[in-house]
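Notes for the structure review
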Amino acid sequence: MARHPHLLAGSLAAALTVTGTLHFLRPRVFEGLIPKALGSPRAWVYGSGVAELACAAAVAVPATRRAGGLASAALFVGVFPGNVKMALDSHPGARHWSRMPAVAWGRLPLQAPLVAWAWTVARRA
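Residues numbered from 1 in each chain as written. Predicted model: local features only at pLDDT ≥ 70, side-chain atom pairs only at ≥ 80, totals over all residues. Heavy atoms only, no water.

**Notes on the packing of aromatic side chains**
- Going through the model one piece at a time under the given rule, you end up with one aromatic pair.
- Aromatic pair Phe24 and Tyr46: ring centres 5.2 Å apart, planes at 10 degrees, arrangement stacked. Taken together, the residues span a long stretch of sequence, with Phe24 in helix α1 (residues 5-25) and Tyr46 in helix α3 (residues 41-60) at a distance of 22 residues.
- Judged by its relative accessible area of 35%, Phe24 falls in the partly exposed class. (Phe/Tyr/Trp six-rings, centres within 6.5 Å; stacked < 30°, edge-to-face > 60°. Helix = DSSP H or I, 4+ residues; strand = E, 2+ residues; numbered from the N terminus. Buried < 20%, exposed > 50% of the residue type's maximum accessible area, 1.4 Å probe, protein only.)

**Structural notes on the environment of Leu114**
- Here Leu114 is to be found in helix α7 (residues 111-124).
- Given the relative accessible area of 25%, Leu114 is considered partly exposed.
- Sequence separation between Leu114 and Val77 is 37 residues, and the spatial gap between their C-alpha atoms is 9.1 Å.

**Quick look at the packing of helix α4 (residues 65-78) against α7**
- At a minimum axis distance of 7 Å, the contact between α4 and α7 shows a crossing angle of 165 degrees. When the axis of α4 is compared with that of α7, the two are roughly antiparallel. For the element pair α4 and α7, the recorded crossing hand is left-handed. In this structure, α4 uses Arg65, Arg66, Gly69, Leu70, Ser72, Ala73, Phe76 and Val77 to contact α7, whose residues at the interface are Gln111, Leu114, Val115, Ala118, Trp119, Val121, Ala122 and Arg123.
- Among the residues making up the contact of α4 with α7, the classes are represented as ten nonpolar, three polar and three charged. (Axes fitted to C-alpha atoms, helices over the stretch in contact; angles between N-to-C directions. Parallel < 35°, antiparallel > 145°, perpendicular 65-115°, else oblique. Left-handed = near helix turned anticlockwise from the far one by under 90°. Contact = heavy atoms within 4.5 Å. Nonpolar A, V, L, I, M, F, W, Y, C, P; charged D, E, K, R; others polar.)

Right, dumping it as structure tokens:
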């Protein structure tokens, strides 16, 4: 895929579109990532959904792909503390799959390849 920058960028745009859309269709899944000190979790979930969709659009367009890749990498770094919070709050027997320890802790190492993916898209733009 590294030899096909349009495929690399298109797949990142698609992934961001799916996750950004999920922020609006299933906001409760993401609300547990937002610390109480930040106020309304729903507003933050919707805001991050907008950010993901904006990054997807920027990555999809060759003229804005570099900026979109850099913004996507920054977004992936920025949401990492929320993923850590979700992992720390996870517990066996959770009612939702995203709150189960294996899922919550298992997604933490996935953040590094996501950042690398976005960085690669930016570099190849």
